[in-house]
Amino acid sequence: MLDELAKLEETARRLEPDQKQRAALNRGVEAYANQFLNALPGLKTYVADDLSAATQIPAISDDPASLEEALAYLASAVDKTGINPASGGHIGYIPGGGIYAAALGDYLADVFNRYAGVLFAGPGAVRLEKSLLRWMGSLIGFPEGAAGDLTSGGSMANLTGIVAGREAREVRAVDIPRTVVYLSAQAHHSIEKALRVAGLGECVLRFLELDECYRIRPDALATAVETDRADALIPWLVVASAGTTDVGAVDPIDALADVCQQQDLWLHVDAAYGGFFVLCDAAKELLGGMSRADSVVMDPHKGLFLPYGSGAVLVRDQAAMHRAFAYQAHYMQDAIQDVAMMSPADLSPELSRPFRGLRLWLPLMIHGLAPFRAALDEKLLLAKYFHQEIQKVPGFEVGPEPQLSVATYRYVPKKGDADQFNKLLIDELQKDGRVFVSSTRVNDRFVLRAAILNFRTHRDTVDLTIEILTDAALRLAGQGNR
Ligand SMILES: *Cc1c(COP(=O)(O)O)cnc(C)c1O
């Protein structure tokens, strides 16, 4: 047995490289990262998928490959196709970020692998995450005692907030088909997904009337709630958006909060995209109503430019969140509950989870807030600039003045179908690939979007986008006339 153990140990110890080996590995990875970042300005933002890469994935076997071999595969097949979210040319969907300091935070968090799920196990890690959540709460005007959780993203955060609301409003399974959720047709699809996952798929969904800027009309909410109560239905949840994904519309949260207060409804604000614009003086007032919500979702991997994997949910009533997620297990009896400092595991569907706070805390520490705020202010201005400049190009028409950093527009050809034309325009832009823009349907029309949120998007990118759009539209219009 001792011989066997010695043999196993020898092989198992390969999982623990010594300092020299670590240095060599770090050098290889760092060189790869530098090469990537140095080449980035010249790289396309979109490259169509190369299906042959799927067949070349190196097989996993008992024998190790070299780091060079592994990185070569990444370079040839993973970092190459699809949308490049690291590129400033990404102005489609809602762009992500990828600030470098966050990667260093992840690196450290992974090396020391502190357990951030339970206070007893990782008190320092849990406290750090709580302080970040409290900081976010203070940004939106939440009280000190509010709870929250760092999640993998906005979808999980929406699910968490909605489940907390379900518990707080004591929505019982037998009543679900009579309960009503009020939302906008502009609400992100992760809301309906969260309702379904939370067992609330049979709730009545009331899509409220919107104003000319795609915001919920508070009077429409008040009327709908009264009608539903008169019909013996059970209104319980209102979902507002602080920046819709489609057009960046901010619902009138303050006025909706009045109705929720009068009618005793849970107000969930999905600010996954727009929440961090609260750092900007120009948007503070617009977003001020978030302070009155019951639950709020914000995505640091959007508005704070972090790499994917960072969402956050804040819940005003800590007890509601605790009721929804706390759980006891015999094998956890040593992890004594601190009532004043609830563990993340008691406020979330997760137990073991990465120490997500470090990738957020380290960049905030070493850069300070100023560059984050400046970048967000810059995005608000760039969206206005794009909106102003694209309408000067003959043939282009624009949607409403951007409330945040999403502008909508389309080209209206002199003849032929405008929807079809704009679809072709998107195809042309994808073939070009220097920037990536996406489209949506608004009022049953095909429209293009410029969603400006990547920290690498600056004025030159916006000018380039307008240039590419102008050239492509002229080319397509010319073909149509022939
Ligand atoms: C992106 C987004 C979501 C979903 O967030 P993920 O982080 O992608 O899961 C939800 N709501 C809005 C408004 C969004 O923009």
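Placed above this text is the structure.
Figured I'd write up the structure that's included with this text. (Residues numbered from 1 in each chain as written. Predicted model: local features only at pLDDT ≥ 70, side-chain atom pairs only at ≥ 80, totals over all residues. Heavy atoms only, no water.)

Some words on the nonpolar core
Then step 1. With 58 residues, the main nonpolar core has L267, V269, F277, M290 and V296 as its most contacted residues.
Then step 2. In terms of residue count, the dominant contributor to this core is helix α9 (residues 253-263) (five residues).
Then step 3. If sequence neighbours within four positions are ignored, L267 has contacts with V238, A240, I253, A257, C260, R292, A293, D294 and S295.
Then step 4. Grouped together as the second largest cluster of nonpolar side chains are 31 residues, A147, I162, W266 and A272 included. (Core = buried A, V, L, I, M, F, W, Y, C linked by side-chain atoms within 4.5 Å. Buried < 20%, exposed > 50% of the residue type's maximum accessible area, 1.4 Å probe, protein only. Helix = DSSP H or I, 4+ residues; strand = E, 2+ residues; numbered from the N terminus. Contact = heavy atoms within 4.5 Å.)

With respect to the state of the cysteines
As used here, a disulfide is simply a covalent bond connecting the sulfur atoms of two cysteines.
Then step 1. In total, this model carries zero disulfides according to the counting rule given.
Then step 2. Between C203, a free cysteine, and C260, which holds the nearest cysteine sulfur, the sulfur-to-sulfur gap is 15 Å. (Disulfide = S-S within 2.5 Å.)

Things to note about the sheet that holds strand β13 (residues 445-451)
Whenever strands of a sheet pair, they do so through backbone hydrogen bonds, lying parallel or antiparallel.
Then step 1. Across the sheet, which stays open at both edges, the four strands sit in the order β10-β11-β13-β12 with antiparallel pairing between neighbours. In this open sheet, the two strands that pair with only one neighbour each are β10 (396-398) and β12 (438-442). Put simply, the sheet's adjacent strands are angled 40° from each other on average, direction ignored.
Then step 2. Relative to β13, strand β11 (residues 406-411) runs antiparallel, the two being bridged by four bridges. Its bridge partner lying in β13, V406 is registered against A451.
Then step 3. Against the sheet, helix α14 (residues 370-390) makes contact with β10, β11 and β13, and its axis sits at roughly 15° relative to β11, the strand it touches most.
Then step 4. Running at roughly 35° to β13, helix α15 (residues 418-432) makes contact with β10, β11, β12 and β13 of the sheet. (Pairing = 2+ DSSP bridges. Axes fitted to C-alpha atoms, helices over the stretch in contact; angles between N-to-C directions.)

Concerning the site of the ligand
Then step 1. Near the ligand you find 15 residues, and of these G154, S155, D270, D299 and K302 are the closest.
Then step 2. Between H301 and the ligand, the recorded distance is 2.7 Å, taken from a side-chain N or O atom to an oxygen atom.
Then step 3. Here the ligand, which alone exposes 380 Å², has 85% of that area covered by the protein.
Then step 4. Of all the secondary-structure elements, those providing two or more residues to the shell around the ligand are α6 (154-168) and α11 (300-303).
Then step 5. Among the elements that take part in the shell around the ligand, α6 stands out by supplying three residues, more than any other.
Then step 6. Its residues assigned to classes, the shell around the ligand shows three nonpolar, nine polar and three charged. (Near = heavy atom within 4 Å. Polar contact = N/O pair within 3.5 Å; in protein donor to acceptor, adjacent residues only side chain to side chain. Areas by Shrake-Rupley, 256 points an atom, 1.4 Å probe, with all protein chains shown as cover. Nonpolar A, V, L, I, M, F, W, Y, C, P; charged D, E, K, R; others polar.)

Describing the sheet that holds strand β8 (residues 295-298)
Then step 1. The sheet built from seven strands is open, its strands ordered β3-β9-β8-β7-β6-β4-β5 with mixed pairing. Taken across any chain shown, the strands that pair with only one partner, and hence form the sheet edges, are β3 (147-151) and β5 (204-207). Strand-to-strand twist in this sheet, taken as the mean axis angle between neighbours without regard to direction, amounts to 15°.
Then step 2. Sheet analysis places strand β7 (residues 266-271) next to β8, joined by four bridges and oriented parallel. Note on β8: the bridge partner recorded for A271 is M298.

Notes on the pairing of strand β9 (residues 311-315)
Then step 1. Of all the five residues making up β9, five are buried; the element is thus mostly covered by neighbouring parts of the structure.
Then step 2. Of the two faces of β9, the one lined by G311, V313 and V315 and the one lined by A312 and L314 are each fully buried.
Then step 3. Here β8 runs beside β9; their pairing, made up of four bridges, is antiparallel. Each bridged residue has a counterpart across the sheet, and for V296 the counterpart in β9 is L314.

As for the pattern of salt bridges
Two side chains carrying opposite charge are able to pair once their charged atoms lie near each other.
Then step 1. The final tally for this structure, using the stated rule, is 30 salt bridges.
Then step 2. A salt bridge links K384 to E401; the nearest nitrogen and oxygen atoms lie 3.9 Å apart. With K384 in helix α14 and E401 in the loop between β10 and β11, the pair connects residues that are 17 residues apart, well separated along the chain.
Then step 3. Among the salt bridges present, the one from R441 reaches D419, with a minimum N-O distance of 3.2 Å. With a gap of 22 residues between them, R441 in strand β12 and D419 in helix α15 connect regions that are remote in the sequence.
Then step 4. Overlapping salt bridges bring together E397, R410, D419, R441, D444 and R445 as one network. (Salt bridge = Lys/Arg side-chain N within 4 Å of Asp/Glu carboxyl O.)

Regarding the packing of helix α2 (residues 19-39) against helix α3 (residues 67-78)
Then step 1. Orientation of α2 relative to α3, taken along the N-to-C sense of each, is 15°, at an axis distance of 11 Å. The orientation of α2 relative to α3 falls into the category roughly parallel. In the crossing of α2 with α3, the sense of the turn from one axis to the other is right-handed. Residues L25, G28, V29 and Y32 of α2 form the contact with α3, whose own contacting residues are L67, L71, L74 and A75. (Parallel < 35°, antiparallel > 145°, perpendicular 65-115°, else oblique. Left-handed = near helix turned anticlockwise from the far one by under 90°.)

Let's talk about helix α4 (residues 100-112)
Then step 1. With 13 residues, α4 extends 19 Å from end C-alpha to end C-alpha; this agrees with the ideal 18 Å at 1.5 Å per step.
Then step 2. Turning to α4, its buried residues number three or more, namely A101, A102, G105 and A109. Taken end-on, α4 shows its buried residues confined to a sector of 105°, consistent with a single buried face. Opposite its buried face, α4 presents the exposed residues D110 and V111, each directed more than 90 degrees away. (Expected span 1.5 Å × (residues − 1). Arc of directions from axis to C-beta.)

A short note on a nonpolar patch on the surface
Then step 1. Taken together, the side chains of Y107, L108, V111 and F112 define a hydrophobic patch exposed on the protein surface, amounting to about 390 Å² of accessible area.
Then step 2. Mapped onto the secondary structure, Y107 falls in helix α4.
Then step 3. Judged by its relative accessible area of 43%, Y107 is partly exposed. (Patch = residues over 30% accessible without salt bridge, like charges linked within 9 Å, V, L, I, M, F, W, Y side chains within 5 Å.)

What about the packing of α6 against helix α7 (residues 189-197)?
Working note: a packed helix pair is described by the angle between its axes plus the distance between those axes.
Then step 1. Their axes nearest at 9 Å, the elements α6 and α7 cross at an angle of 50°. Relative to α7, α6 is oriented oblique. The hand of the α6/α7 crossing is right-handed. Each of S155, N158, L159 and I162 in α6 lies in contact with α7, whose residues at this interface are S190, I191, A194, L195 and V197.

Concerning the packing of aromatic side chains
Centre-to-centre distance and the angle between the planes together describe a pair of aromatic rings.
Then step 1. Evaluation of the coordinates by the stated rule reveals 10 aromatic pairs.
Then step 2. Ring centres 5.5 Å apart and planes at 40° place the aromatic pair Y93 and F436 in the tilted group. Linking Y93 in the loop between β2 (82-83) and α4 with F436 in the loop between α15 and β12, this pair joins segments that are 343 residues apart in sequence.
Then step 3. Their ring planes at 50° and their centres at 6.2 Å tell us that F305 and F455 sit as a pair that is tilted. Placement of F305 in the loop between α11 and β9 and of F455 in the loop between β13 and α16 (459-481) is noted, with a sequence separation of 150 residues between them. Both residues of the pair, F305 and F455, count as buried. (Phe/Tyr/Trp six-rings, centres within 6.5 Å; stacked < 30°, edge-to-face > 60°.)

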